[in-house]
Each structure stands twice: as structure tokens, then as C-alpha cells.
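# Close look at the chain arrangement
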Amino acid sequence: MSSSKDPCSSAASSRGNWGSKLGFILAAGGSAVGLGNLWKFPYLAYSNGGGAGDQQGAGGFVLIYLLAVLVLGLPIMIAEMMLGKRTQTTPIGAFESVRPHTLWKHVGTLCVITGFLLLSYYSVIAGWTVEYTVKSVTSEFSNYDQAVSEEMVREQLWHDFVYSSEGEAALIIELGQKPESLSKALTDPKLNTLKQVVTDQEWKRLQQNEEGQAKLSELKKTLYPQKLFSEFIAHPWKQVLWAFVFLAMTVGVVIGGVSKGIERWSKILMPALFVLLIVLLGRMLMLDGAGKALSFLFRPSFETVTASTVLNAMGQAFFSLSLGMGVLITYGSYMKKDDNLVSSSYSVVIMDTLIALIASVIIFSAIFSYNLVMKDGGTGNLFTAMPVIFMKLPGGILLCAAFYILVIFAALTSAISMLEAVVATFVDEFKWSRKKAVYIISAVTFVLGIPAALSYNLMSNVTIMGKTWIDFADFLCSNWFMPIGGLMLSLFVGFVFTKKDQQEELPEAHCKWFPFPLFRVLVRYIAPVLVVVVLLGMLFGAIQ
Ligand code: PHE
């Protein structure tokens, strides 16, 4: 992409095009691949799969997610890009130019609101990756020996016992029946005496000889990242600071122009992330817990599937593919006339899905191989499980730093797209200068992000519908705003665009893998109906 083709250039000035097909795929793929794949998907799989209990699994969630990607994600992605490509403008303008002076333009307004909110909390989680890069570079992970308390070790020993077959038998004797759930048994006061006896015995055994001590030190290595993580998120000012730093980096790129640095770096760093993930995957598949991880993720198990699993899977499809908030309208507006919407969408969808699945296999292999206990429903997976893996690899500290730098980069390309969509809209609609738009929008976003940054500490008791602010903001964006945005987009492209309009954008030569009639039926009926059914289900209380 040359600078005249900079997607950042305001629409008021001459609109550019992507320099190459790769440029577009990298930008759209860069937007799609981010914390959604590396942090949120594994975390949702963990929590929707019912945690690490033996009998549960995330297969149902994963399957529903894959269906959502194919049936909703793909057609809505094509529709969203088509709207941008045809109208050559940003979210509000796109609707306005096709149906002027109607309420349609407020779909664009919703996109903008979503963009603000999304970026505000996305920066907080992305800030964690900045802190973790610093932690790796300063070798903080190697201080585990002094830092892990006896109590933490005992908790872990108890956990390991409860989940062992020997433990299960002991629990049955103690309780007189099979425990209802192993995770509840962990904290059952009726088991306190047994816990004391077992952990005393195990603790002594670990002290006894060199072998025991080596085991103890390994155990501490796996516990330490969890301690670090819970201490870190309890720090209010660190959360705010790193969110600020991350946002400043995003602003720096968006102000400087996407084409200069980001596309060049994308070409190197995105493949680098992919290669590192494949290497880690290879390594993790050799561990004992890999089989369990694969079956946890892919065995179709529906014990834990509830209506809210469906909602979460759908929301995640929108979040991960960057749908329904105008990013792809904006990026699509820089496409050239004969660019192929179908193959571009396929590339983005496949890349995005593969990365989410690979990241999950890596993280779950670590969880099961080292018996990690995720206390927070999995929110910390990326930050507690990954360092454990790295600490056990030769040269691990360096790899760990490289990993978190690549995660920052992935998050950055996503954050850029969010900011870009909002900025471009203000530039187009209100004729703001690009600089003014970037500064004002990012300042507002930062302020909005403060309650998100405080959600794990000072404001952890402030809840809306039982959720802390950050969870609530994510719930609103992923499970409501983006699906509604996507719904409106698919109706708009499905019914307001004529068949001829659609066909012009999807000529037969492009539709080998996605026949035009299939697109039409998906975008007009199936996708909208599914989104409405899930949202109504939630509205009427079937889904929490
Ligand atoms: N898709 C991004 C991710 O997976 C998040 C995102 C959502 C980016 C919406 C832009 C718009 O991290």
C-alpha cells in the first residue's frame, strides 16, 4: 500500500485503495486476529466448558462457535465489506449514501458507539500484555522459589489430590457418597480434616529428599504466574497506566498513517506470531495433558451447553471477526472495484479461526499437563498458563518476551482498526481534521476505559446485572451491539441492495466456493433470523 493508498487518509481527501490483495487481507486479518483469539476464545472455552473438571468439556461451545462463524460470520463479513466497497465511505455515510435521511444511518451511529466502548476495555486487556512483556524482559518469572507461599503449595496439593482417583475414593469414604462436583469439593468445609492430613503428608514428602524438592520447585514454577497475575490485576494504577500506554501506541500508529509502519510490520510479525504458535503447538502436543486438552476442546459434549453458551459463541464470532461495528465497512471502502470479496473473507475467517483454535490447544495442554487451577473463570489463562510453558523451555524467558510482543502487535492491529473506523467516521461526517479526531476520540476512550481498568480492584464490587464494568462492557459490545450491528448490516445488504447490486460485487467467477444463491439466502434470512432468535431468547430471560 503506498501512502496515497493509506486507509488512514481521510475520505474527504482522495480515497485510496489497498495496494495489493495481501494488503487488504493483512489489514482485515490484523483487525480480526487479536486478543479475541489469543485471550478471549480460550477463556470462553474454559468458562463455557465448565472449567477443568474431568467430566466437562468445551466441545459444544467450540462446535456452536464454528457454526456461528460459517453461518453468520462469513455472510455478514461479505455483506459488511460489500457495503464499504460499494459506497466508498465510512459507517454512517455508507447507510446515508444509499438511503439518505432515514433511520438507517443510526446503524452507523451504533457502530461508532460500539467502537468507543470496545476500544476502552480492549486497551485494558491489551495493557496486560504490555506489562507481561516487561515482566518477561526483567525476568520476573524466575523469582518463583522465594515468592510462592507454603499455603499456595498446599492448596495445589489438595487440588491434585481431589482430582486423582485415589482422592476420589477418599472423598467418597469421607462424605459417604460421590461428591456432587469436584470443584465444589475443593472448598467443602466437611473435608477440612482430610485436607489437613493429606496436605501435611504431601508437604512432608516434598521436603524429604532431593527428588521431592525438585518436584516442589516445579510446582512453584506453575503456581507463581497465578500469584503474579492476581497481584497485578489488584493494582489499580498499573491497570490504568498500561491501558494508557497501549492506547498511546495505537494513537501513534493511527496518527502516523497505517501504511508507513504497520503494513510493513504486519507482513513480518503476523507470520512470526503464526510460526511461534505452531512451534509451541508442536511442543505442547508432546506433553501428557495434550490428549485431554484435545478432547476437552473437540469432543462434542453438550453437558455444559446452555442458552447462554449459544449467545457467547455468537458474540465471540462477531468479536473475533471484527464484525458489526463498521471496521469492515471502513476497510472495504478502500478495496478496488474488482477485488474478490469471497476469497478475502475466506482467508480472514480461516486465519482467525485457526489461530483461536491453536491458541486454545496450547493453553489447555498447559492447563491439563501441569494441573493448573484457573481461579478466575479463565480470564487470566493467557497470562497464567503461558509463562508456565515458557519457564519449562530452554531459552524460555526470551521466547516469553517474544510471545507477548507478538500478542501486543496482534492487539495493536485490532485496536488500530477500531480507532480507525471511529476516526474515519468523524472525519467524513463532521469534517474534523484527522489529528483532532484521533486525539479527542482517544481521550474519550481513555476516560471510558478507567472503570474497566478498575474493575478488578477498586471497583470490583460495583456490578451491573451481576457483572463488573469490564465484563458488562464486553457483554454489551460482543453479545448485543455487534450482533445487532451485524443483523442490520445483513438486512441492509440483503434487502435494500438490489440483486443486481449484490451480483455486481459477487460475480460468478468469485463465487466458486460460496454460490451466490447461498449468500443471498444466508444474508437475507438465515443470519438475521438466527441473530434475532438468540437475542430474543436473551431478552426473555432464557439466557443469563
Ligand atoms: N477481532 C478483534 C480481536 O479478535 C477485536 C475487534 C473487534 C477488532 C471489533 C475490531 C473490531 O481481538
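Preceding block: the structure.
Since the structure is predicted, the reported quantities are computational estimates derived from the model, not experimental observations. (Residues numbered from 1 in each chain as written. Predicted model: local features only at pLDDT ≥ 70, side-chain atom pairs only at ≥ 80, totals over all residues. Heavy atoms only, no water.)

### Looking at the overall build of the chain
Scanning the chain from N- to C-terminus turns up 23 helices and two strands. Computed over C-alpha atoms, the radius of gyration of the chain comes to 24 Å, within 12% of the 24 Å expected from 2.2 N^0.38 for 544 residues, which places it in the range of a compact globule. For the chain, with 544 residues in total, the buried portion stands at 60%. For the chain, long-range pairs separated by at least 24 residues make up 81% of all intrachain contacts whose partners lie at least 6 apart in sequence. Summing over all exposed atoms, the chain offers an accessible surface of approximately 21400 Å²; the carbon and sulfur share of this is 64%. Here the chain contributes 41 positive and 38 negative side-chain charges, whose respective centroids are spaced 9 Å apart. (Helix = DSSP H or I, 4+ residues; strand = E, 2+ residues; numbered from the N terminus. Rg over C-alpha atoms; globule rule 2.2 N^0.38 Å. Buried < 20%, exposed > 50% of the residue type's maximum accessible area, 1.4 Å probe, protein only. Contact = heavy atoms within 4.5 Å. Areas by Shrake-Rupley, 256 points an atom, 1.4 Å probe, with all protein chains shown as cover. Lys, Arg positive; Asp, Glu negative; His and termini not counted. Charge placed at Lys NZ, Arg CZ, Asp CG, Glu CD.)

### Quick word on the environment of Val-373
Residue placement: Val-373 occurs in the loop between α17 (341-369) and α18 (381-391). Among the residues examined, Val-373 registers a relative accessible area of 18% and is labelled buried. C-alpha separation for the pair Val-373 and Glu-155, spaced 218 residues apart in sequence, amounts to 9.8 Å. Here Val-373 is in contact with Gln-156, His-159 and Gln-226, once residues within four sequence places are set aside.

### Digging into the nonpolar core
Among the nonpolar cores identified, the biggest contains 178 residues, and Met-386 and Phe-403 are the most heavily contacted of them. With 20 residues, helix α19 (residues 396-430) is the largest single contributor of residues to this core. Contacts of Phe-403, omitting those with residues within four sequence positions, involve Leu-276, Leu-277, Leu-280, Leu-382, Met-386 and Phe-390. (Core = buried A, V, L, I, M, F, W, Y, C linked by side-chain atoms within 4.5 Å.)

### Quick notes on the site of the ligand
Close contacts around the ligand come from 17 residues, with Ala-32, Gly-36, Tyr-122, Phe-319 and Ser-322 the closest. Backbone polar atom of Ala-32 to an oxygen atom of the ligand: 2.8 Å apart, as the coordinates give it. With respect to the ligand, the backbone of Phe-319 contributes an N or O atom lying 2.8 Å from a nitrogen atom. Protein contact buries 100% of the 320 Å² of open area that the ligand shows by itself. Mapped by element, the contributors of at least two residues to the shell around the ligand are α1 (21-32), α2 (35-48), α5 (105-137), α15 (307-320) and α19. (Near = heavy atom within 4 Å. Polar contact = N/O pair within 3.5 Å; in protein donor to acceptor, adjacent residues only side chain to side chain.)

### A few points about helix α3 (residues 59-87)
Taking 1.5 Å per residue as the helical rise, α3 with its 29 residues ought to reach 42 Å, and the 40 Å between its terminal C-alpha atoms agrees with that figure. Maximum bend of α3: about 35°, positioned at Gly-73, with proline Pro-75 one to four residues after it. A large share of α3 lies buried, amounting to 23 of its 29 residues. Downstream of α3 by one or two residues, Gln-88 has phi in the positive range, about 55°. (Expected span 1.5 Å × (residues − 1). Bend = angle between axes of the 7 residues up to and from the residue.)

### Remarks on the side chain of Ser-123
Structurally, the position occupied by Ser-123 is in helix α5. Separated by 2.7 Å, the side chain of Ser-123 and the backbone oxygen of Leu-119 make a polar contact. The residues touching Ser-123, leaving out its near neighbours within four places in the chain, are Ala-243, Phe-246 and Leu-247.

### Digging into the environment of Gly-30
In this fold, Gly-30 is placed in helix α1. Since its relative accessible area comes to 1%, Gly-30 is described here as buried. Taking the C-alpha atoms as reference points, Gly-30 and Met-270, 240 residues apart in sequence, are found 7.7 Å from one another. Apart from residues lying up to four places away in sequence, Gly-30 is in contact with Ile-25, Met-270, Ala-410, Thr-413 and Ser-414.

### Re unusual backbone geometry
The backbone phi angle of Asn-371 is positive, close to 50°, even though this residue is not glycine. Inspection of the secondary structure puts Asn-371 in the loop between α17 and α18. One non-glycine residue, Met-465, adopts positive backbone phi at about 45°. When you line up the elements, Met-465 lands in the loop between β1 (463-464) and β2 (467-468).

### A look at the pattern of salt bridges
Tallied over the full model, the rule gives 18 salt bridges. Its salt-bridge partner being Glu-505, residue Arg-86 comes within 2.8 Å of it at the nearest N-O pair. A residue pair is termed long-range when its members are at least 10 positions apart, and Arg-86 in helix α3 and Glu-505 in helix α22 (residues 499-505) qualify at 419 residues. Exposure remark for Arg-86: the relative accessible area of 28% places this residue in the partly exposed category. Residue classification places Glu-505 among the buried residues on the basis of a relative accessible area of 3%. (Salt bridge = Lys/Arg side-chain N within 4 Å of Asp/Glu carboxyl O.)

### Concerning the packing of aromatic side chains
Applying the stated rule across the entire model yields 34 aromatic pairs. With a centroid separation of 5.5 Å and an interplanar angle of 45°, the aromatic rings of Phe-390 and Phe-403 are classed as tilted. Highlighted residues: Phe-390 in helix α18 and Phe-403 in helix α19, separated in sequence by 13 residues. A network of ring pairs unites the aromatic residues Trp-128, Tyr-132, Phe-141, Phe-229, Phe-232, Phe-383, Phe-390, Phe-403, Tyr-404 and Tyr-456 as a single cluster. Above the ring of Phe-319, the side-chain terminus of Lys-40 is found at 4.1 Å from the ring centroid. The ring of Tyr-132 carries the charged tip of Lys-135 above its face, separated from the ring centre by 5.6 Å. (Phe/Tyr/Trp six-rings, centres within 6.5 Å; stacked < 30°, edge-to-face > 60°. Lys NZ or Arg CZ within 6 Å of the ring centre and 35° of its normal.)

### Examining the environment of Asn-457
Position of Asn-457 relative to the elements: it lies in the loop between α20 (434-453) and β1. What makes Asn-457 buried here is its relative accessible area of 11%. Residues Asn-457 and Gly-380 lie 77 residues apart in sequence; the distance between their C-alpha atoms is 15 Å. Each residue touching Asn-457, except ones within four places of it in the same chain, is listed here: Ile-233, Ala-234, His-235, Pro-236 and Gln-239. At 2.8 Å, the side chain of Asn-457 forms a polar contact with the backbone oxygen of Ile-233.

### Some remarks on a nonpolar patch on the surface
A cluster of nonpolar side chains, namely Phe-495, Leu-518, Val-521, Tyr-525, Ile-526 and Leu-530, defines an oily patch on the protein surface of about 480 Å² accessible area. The dominant element in the nonpolar patch, judged by the number of residues it contributes, is helix α23 (residues 516-539), at five residues. Residue placement: Tyr-525 occurs in helix α23. (Patch = residues over 30% accessible without salt bridge, like charges linked within 9 Å, V, L, I, M, F, W, Y side chains within 5 Å.)

### Quick look at the state of the cysteines
Counted under the stated rule, the structure contains zero disulfides. The thiol of Cys-477 is unpaired, and the distance to the nearest cysteine sulfur, on Cys-111, comes to 11 Å. (Disulfide = S-S within 2.5 Å.)

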